[in-house]
Amino acid sequence: LLDNDGFTTVILGCGAAMGLHKCTGEERTGQALDVMTEQSVGEAWPRRSQSAVSEAVSPLLTRSVDPDATDPDDPLLTPESNDGNGRSQSQKEHRLCLSWFQQAQVINVNDVENDNSEEFQENITFLGRGRTLLRTRPWLLYAALGFVFAGLILLHAFSYEGTPEENSDVSRTNVLNQKETPPKFWLMCPRDGECVWFRKPGTDWIYKSFERNAWDVSNEIDDQIYHLRAIPQDLWNSVRSKWIQSPPHFKGKPVTLPDLAAFMRETLQRDPFWTGGQKVPWLDLRGGGSGASSQKQAVIMNQRQLAFIVINLLMDNHLQGVRTGLDAAIQRCNKESDLEAGLSPDMLHLILAFLATLSQELGNTDGPYLVGTTPGAVNEAWLEKVLGQHEAGKSMIQPKLCNTAKLQAGTCGLKDFMAGGTPKQALTDIAGMDVGGGAQLCRVANSQDESLVIFYPEVLVASFFVGNGQMLPVPFTMLGARRYLRHISGETGAGPPYDNLCGKVSAPDFLNSNIMTDVADTKVSMTPVKIYDSSFVAVASYCSDCHRGECSEPEMFNNQCDNQRKHLDEDVSTWLQAYDYQNYHDAVSTAFAAVVTQIGTGPWGAGLWQGDAQQYFLTVWLATSLLDNVQLDYYIYDHFCENAGHQCFVLGQSMCQTCIQDSGMSSIINNQYCGSLGAQDMLDKLVDQPVEQVYWLVKNVGPPPHQVFDLIGSSVM
């Protein structure tokens, strides 16, 4: 049984676990079975040497020892003072069980050569007594049966070569045309185009190792979570005390710290990547470039696997040799000085909300899958569609205008796009150069991009897959992203509850009990997966404010700058780069098309970068019309959470003037610039018109002082 694959170690581990269950009642069978699933003993017990156990154990297996003998030099057989007849039967069995289990974890070769301790010699001695004790102690039969059982399983597992299909570029655990998702499935698709899966030959480079094994980390988490090693103690005490006094509720049930602690320990001990608890697959989503030069990459994993990563980092367990973006953010956003300054630990609340919610949802499952992905580079192939060179020309689709209730202009019946919750609707993040922008993933701000990541933790946590402490690149998509915190909306105000911020983290009862539960059944590569029917798409427009020239800021606020209207091609290209499913890695394009059939957006391009709101409405409408089977849901606010009041210009004259007055922004937004026509007038004139015709109307629109809608409306009967 002693061979190069480490069978001895695994079999002794399994047998010892069964013996422990019989003799001491300790539930360690699960840990031993986890060892059986590894490629080698080295993955399960990286500190041990299989050759060492061969040297130490094999000479002892033939020894015959009288188990009833007493020996003053043997701690187990020393006569007890109370009866003089040696240890009791239960004491000897208990000690022997523990000794067997310790030996199953195979000693380091240096320990074998140098350890002359009494405890070590005692363990070796008891292994040598195995044959005699099997005759006199019937319970040892359980261990023997465990040896046979484990051996048969391992012989099958390590000798199975797989069919040609199973060894193809799908996965040995990802068989073609599967009907179910394989256990602990994950997929990494780097920019070279070929995906990597568990045990794919020649792909050891995809793995990074944590500094400590997850099982050891789990032992550091007590029921009351007195410490989170990565969080300054004073800061954690302030959050923890409020949690104890008033636990957050999820769907009417309080989530206590013991609930959270149990979930954290269980997740670490489950080894959700099936790599031994210390290694995880990793790639740098920013390594392929960003912006116009972005490259197709994807990270696919389930909720349990993402939680495993989060918990390790909260417990100050980092990847060796890599400073991830999430590591940097946890350190940057959780400082004692923030507590002294009265700053809200929004990012910490978000991470805790993520774990608390999953502790109530997952049970014994690993949850649906998430797809974090970057698209390919910008291209202008869409111009061929516009000009009808290779196919019948596209027509302008019928968008939904979703007016905020304050406008009294009729709502579309959908939930606010920033709050999520509309199945198959993608949330458009008005991004800059990085996902999360200037607030650097720390807390809610007075801008949309900075604030959204504080409500969508899967996006924030995906910064783990960026190196050098950087943030996620733009464009970026997270399929399956959900909102875990309450209180966010595109419509804000100068007073409570938002105080000019894009959302509010209200501790302690901050969990979103109305979280998305609809799922899409789709595939990644050729593996069936379930993904929540929501998504987050970060895409940056052209920066009008960065190229204002001699145009003043008041002129920018009021759509009075000609250069606000001169970058149609760049913006259409960027929108299609992010929203055309065919521009994503082949492994995830099908999933993208299944999850994203609606696009929810507000004043994309006309936020803090001060584009022309009318020009950008026509831009996103035209660009979305070039996509296949995708609906546009355009949301209109009088007080959007950035560049408030500016979007009033997409309304007809009377409503525009009322909107500006109600927004409280009349000191900088001048109602004299309200045009005659609004977005609804544009729908009446342009729906079903050829995209080519509308493209030229928008591209060649004239300069101010007339608004874009009025200029185009006068050209269309």
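Residue numbers run consecutively from 1 along every chain, following the written order of its sequence. The predicted origin of the model limits local features to residues at a pLDDT of at least 70 and limits the giving and counting of side-chain atom pairs to 80 or more, whereas totals for whole chains, interfaces and linings rest on all residues. Water and hydrogen atoms were dropped before computing side-chain values, which therefore reflect all heavy atoms in the structure.

A.B. asks: Got a minute to help me understand the overall build of the protein chain in this structure?
C.D. replies: Segments assigned H or I by DSSP are reported as helices when at least four residues long, segments assigned E as strands when at least two residues long, and all are numbered from the N terminus. Tallying secondary structure elements over the protein chain gives 27 helices and 15 strands in all. Accessibility here uses a 1.4 Å probe with only protein chains present; expressed as a share of the type maximum, an area under 20% marks a residue as buried, one over 50% as exposed, and anything in between as partly exposed. Counting every position in the protein chain, which comprises 717 residues, the buried fraction comes to 57%. By definition in these notes, contact holds between two residues if any of their heavy atoms fall within 4.5 Å. Taking the intrachain contacts of the protein chain between residues at least 6 apart in sequence as the baseline, contacts between residues at least 24 apart amount to 76%. Here the open area of atoms and residues is found with the Shrake-Rupley method and a 1.4 Å probe, where only the protein chains shown may cover a residue. Of the accessible surface of the protein chain, which amounts to about 28,000 Å², a share of 50% is contributed by carbon and sulfur atoms.

A.B. asks: How should I be thinking about the state of the cysteines in this particular structure?
C.D. replies: Simply put, disulfide is the name for a covalent bond between the sulfur atoms of two cysteines. Disulfides are defined in this document as cysteine sulfur pairs within 2.5 Å. Counting across every chain of the model gives 8 disulfides. Through a disulfide, cysteine 543 is tied to cysteine 546; the S-S separation comes to 2.0 Å. The S-S bond linking cysteine 543 to cysteine 546 shows a torsion near 70 degrees; that makes this disulfide right-handed.

A.B. asks: Mind showing me how you'd approach the environment of lysine 208 here?
C.D. replies: Mapped onto the elements of the fold, lysine 208 is located in strand β2 (residues 207–209). The partly exposed category is assigned to lysine 208, whose relative accessible area is 27%. Between the alpha carbons of lysine 208 and leucine 319 there is a distance of 6.4 Å; along the sequence they are 111 residues apart. Leaving out residues up to four positions away in the same chain, lysine 208 has contacts with Gln278, Lys279, Val280, Trp282, Leu319 and Val322.

A.B. asks: Any chance you could explain helix α13 (residues 303–314) here in plain terms?
C.D. replies: One full turn of an α-helix is made of 3.6 residues, so residues set three or four places apart face in the same direction. The end-to-end C-alpha distance of α13 is 16 Å, a good match for the 16 Å that 12 residues give at a rise of 1.5 Å each. Burial analysis of α13 places 12 of its 12 residues in the buried class, the great majority of the element. Residues of α13 that are buried: Gln303, Arg304, Gln305, Leu306, Ala307, Phe308, Ile309, Val310, Ile311, Asn312, Leu313 and Leu314. Measuring from the backbone nitrogen of arginine 304 back to the side-chain oxygen at the start of α13 gives 3.1 Å, which picks out asparagine 302 as the cap. Here the expected length of a helix is defined as 1.5 Å per residue gap, with one fewer gap than residues. We define a polar contact as two N or O atoms separated by no more than 3.5 Å, with the added condition that, inside protein, one atom must be a possible hydrogen donor and the other a possible acceptor, whereas residues neighbouring each other in sequence contribute only through side-chain atom pairs.

A.B. asks: What is the right way to read the packing of aromatic side chains from this model?
C.D. replies: Here the distance between the centres and the angle between the planes together describe a pair of aromatic rings. Here the aromatic set is Phe, Tyr and Trp, taking the six-membered ring for Trp, and pairing holds for ring centres within 6.5 Å; pairs whose planes are under 30 degrees apart are stacked, those over 60 apart are edge-to-face, and all others are tilted. Scanning the entire structure with this criterion turns up 21 aromatic pairs. Ring centres 5.2 Å apart and planes at 40 degrees place the aromatic pair phenylalanine 417 and tyrosine 635 in the tilted group. Placement of phenylalanine 417 in the loop between β8 (400–403) and β9 (425–430) and of tyrosine 635 in strand β15 (residues 631–636) is noted, with a sequence separation of 218 residues between them. Tyrosine 635 matches phenylalanine 417 in its accessibility class, with the two residues each being buried.

A.B. asks: Mind showing me how you'd approach the nonpolar core here?
C.D. replies: It is characteristic of soluble globular proteins that their nonpolar side chains tend to be buried jointly. Ranked by internal contacts, the top residues of the largest apolar core, which has 181 residues, are Leu355, Val459, Phe464, Phe536, Phe617, Leu618 and Trp621. For this core, the leading source of residues is helix α16 (residues 346–361), giving 10 residues. Setting aside anything within four residues of it in sequence, one finds phenylalanine 617 in contact with Leu401, Tyr634, Ala679, Met682, Leu683 and Phe709. Each nonpolar core is a collection of buried residues, namely Ala, Val, Leu, Ile, Met, Phe, Trp, Tyr and Cys, held together in the definition by side-chain atoms within 4.5 Å.

A.B. asks: Sorry, what's going on with the side chain of threonine 357 here?
C.D. replies: In this fold, threonine 357 is placed in helix α16. A polar contact is formed between the side chain of threonine 357 and the backbone oxygen of alanine 353, at a distance of 2.8 Å. Dropping the residues within four chain positions of it, threonine 357 is found in contact with Phe250, Tyr484, Leu511 and Ile515.

A.B. asks: Can you walk me through the pattern of salt bridges in this structure?
C.D. replies: Pairing of side chains with opposite charge becomes possible as their charged atoms draw close. Criterion for a salt bridge: a side-chain nitrogen of Lys or Arg within 4 Å of a carboxyl oxygen of Asp or Glu. Counted under the stated rule, the structure contains 18 salt bridges. Aspartate 521 is the partner of lysine 530 in a salt bridge, and the nearest nitrogen-oxygen pair spans 2.5 Å. Its relative accessible area of 43% is what places lysine 530 among the partly exposed residues. Residues joined in a network through salt bridges with shared partners are Glu266, Arg270, Arg304 and Asp366.

A.B. asks: Before we go on, may I ask you to explain unusual backbone geometry in this structure?
C.D. replies: Most peptide bonds take the trans form, and the phi angle of most residues other than glycine is negative. Residue proline 475 is reached from valine 474 by a cis peptide bond, and omega for that bond is 5 degrees. Tracing the backbone shows proline 475 in the loop between α19 (457–461) and β10 (476–479). A cis geometry characterises the amide bond from proline 704 onward to proline 705, with omega recorded as 20 degrees. Counting through the fold element by element, proline 705 comes out in the loop between α26 (691–699) and α27 (708–713). Phi is positive for serine 525, which is not a glycine, with a value near 55 degrees. By the secondary structure assignment, serine 525 is in the loop between β11 (519–524) and β12 (527–532). A residue is classified by how much of its surface remains accessible, and serine 525, at 27% relative accessible area, is partly exposed. In this structure, asparagine 643 takes a positive phi of about 50 degrees despite not being glycine. With respect to the helices, strands and loops of the structure, asparagine 643 is situated in the loop between β15 and α24 (653–663).

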